[in-house]
Amino acid sequence: ALELLEISSKAATAGVTETAVASDGLTTILNAFRLTANDAQEVADIMFATVDRGKISFEELSSQIATVAPIAAASNISFQEIGGAISTLTKQGVPAGVAMTQIRSAIISANEVLGEGAFKTLSLQQGFQKMFEEAGGSQNKLKELAGRIEAVNAIIGIAGPNFQGASKDLEAMANSAGSVDRSFNTITSTN
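Here is a short report on the structure shown in this document. Numbering of residues starts from 1 in every chain and runs along the sequence as written. This being a predicted model, a pLDDT of at least 70 is required before a residue's local features are given, and a value of 80 or more before pairs of side-chain atoms are given or counted; all residues contribute to the totals for chains, interfaces and linings. Working from all heavy atoms in the structure, the side-chain values ignore hydrogens and water.

## Regarding the packing of helix α8 (residues 124-134) against helix α9 (residues 139-146)
Turning to step 1, where the next piece is worked out: The interhelical angle for the contact between α8 and α9, taken along N-to-C directions, is 120°, at an axis separation of 8 Å. The angle between α8 and α9 falls in the class oblique. Between α8 and α9, the residues in contact are Met131, Phe132 and Glu134 and Leu142, Leu145 and Ala146, respectively.
Turning to step 2, where the next piece is worked out: For the contact of α8 with α9, the per-class residue count stands at five nonpolar, no polar and one charged. Convention adopted: a line fitted to C-alpha atoms gives each axis, helices being fitted over their contacting stretch, and angles between N-to-C directions are expressed from 0 to 180 degrees. Secondary structure elements follow DSSP: runs of H or I no shorter than four residues count as helices, runs of E no shorter than two count as strands, and numbering proceeds from the N terminus. Note on terminology: angles under 35 degrees are roughly parallel, angles over 145 are roughly antiparallel, angles of 65 to 115 are roughly perpendicular, and the others are oblique. Contacts: residue pairs with any heavy atoms within 4.5 Å of one another. Only Asp, Glu, Lys and Arg are considered charged in this grouping, and only Ala, Val, Leu, Ile, Met, Phe, Trp, Tyr, Cys and Pro are considered nonpolar; every other residue, Gly among them, is considered polar.

## With respect to unusual backbone geometry
Turning to step 1, where the next piece is worked out: Phi at Arg34 is positive, roughly 55°, even though this residue is not glycine.
Turning to step 2, where the next piece is worked out: Within the secondary structure layout, Arg34 lies in the loop between α2 (19-32) and α3 (40-53).
Turning to step 3, where the next piece is worked out: Although it is not a glycine, Asn76 adopts a positive phi angle of roughly 70°.
Turning to step 4, where the next piece is worked out: Secondary-structure assignment places Asn76 in the loop between α5 (69-74) and α6 (79-90).

## What about the nonpolar core?
Turning to step 1, where the next piece is worked out: To form a nonpolar core, buried Ala, Val, Leu, Ile, Met, Phe, Trp, Tyr and Cys residues must be joined to one another through side-chain atoms within 4.5 Å. Exposure classes here rest on a 1.4 Å probe applied to the protein chains alone. A residue is buried below 20% of its type maximum, exposed above 50%, and partly exposed in between. With 55 residues, the main nonpolar core has Ile65, Ile82 and Phe128 as its most contacted residues.
Turning to step 2, where the next piece is worked out: The residues contacting Ile82, other than those within four sequence positions of it, are Phe33, Ile65, Val68, Ala72, Ile77, Ile103, Ile107 and Leu124.

## Focus on the packing of aromatic side chains
Turning to step 1, where the next piece is worked out: Any two rings among Phe, Tyr and Trp, with Trp reduced to its six-membered ring, count as a pair given centres within 6.5 Å; such a pair is stacked if its planes are under 30 degrees apart, edge-to-face if over 60, and tilted if neither. Scanning the entire structure with this criterion turns up one aromatic pair.
Turning to step 2, where the next piece is worked out: A centroid spacing of 5.9 Å and a plane angle of 55° characterise the contact between Phe33 and Phe79, whose relative ring orientation is tilted. Here Phe33, found in the loop between α2 and α3, pairs with Phe79, found in helix α6; they are 46 residues apart in sequence, far enough to count as distant.

## Let's talk about the pattern of salt bridges
Opposite charge on two side chains permits pairing when their charged atoms draw close.
Turning to step 1, where the next piece is worked out: Any carboxyl oxygen of Asp or Glu that lies within 4 Å of a side-chain nitrogen of Lys or Arg is treated as forming a salt bridge with it. Per the counting criterion, the structure on display carries three salt bridges.
Turning to step 2, where the next piece is worked out: Salt-bridge contacts for Arg53 lead to Asp169; the nearest nitrogen and oxygen are separated by 2.8 Å. Residue Arg53 is found in helix α3, and its partner Asp169 is found in helix α11 (residues 163-174); the two are separated by 116 residues along the sequence.
Turning to step 3, where the next piece is worked out: Residue classification places Arg53 among the partly exposed residues on the basis of a relative accessible area of 32%.
Turning to step 4, where the next piece is worked out: Judged by relative accessible area, which is 1%, Asp169 ranks as buried.
Turning to step 5, where the next piece is worked out: With a shortest N-O distance of 3.2 Å, Glu112 and Arg148 are connected by a salt bridge. Residue Glu112 is found in helix α7 (residues 96-114), and its partner Arg148 is found in the loop between α9 and α10 (149-158); the two are separated by 36 residues along the sequence.
Turning to step 6, where the next piece is worked out: Residue Glu112 is classed as exposed on the basis of its relative accessible area, which comes to 54%.
Turning to step 7, where the next piece is worked out: Counted as one network, the salt bridges with shared partners bring together Arg53, Lys91 and Asp169.

Here's what the structure looks like:
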């Protein structure tokens, strides 16, 4: 518990928010993805990278991640993949809450179209790309395939012409180790 509090405190300083906000988001993610306190530093680094690469605040991420985390975890989608998708969509101007709803809807659609085990072999980004390709890039066909306009918006925002950027955002999540500590040290340095 003390280690979690320390990580939350550093994440709050790095993310320019309050410790309670960082702790709330951190524990929501740990619980939803069935992770342990030993994973807290990695989760905090991914949270920071999501905020850093996207257009979302730590407060928004912490308060709204519960919209998508349970379905993502149940679908075998990692928090890294979700963080990358959130960054990709929010930097395109999609508000944080809308991005979470769109990703959740697209996961539900992908599970229906690709099968519930699809994300055991595909990343979230690859699954959305596969759906985009199955629709031939047509928004109308994608709407028929996905069945939900929110899903279509997430898939289009992450796949097709946006797939390369989404892949880079996912890579940034995978390489986020130490990002909270680096930012914390920068903010708290007394030069």
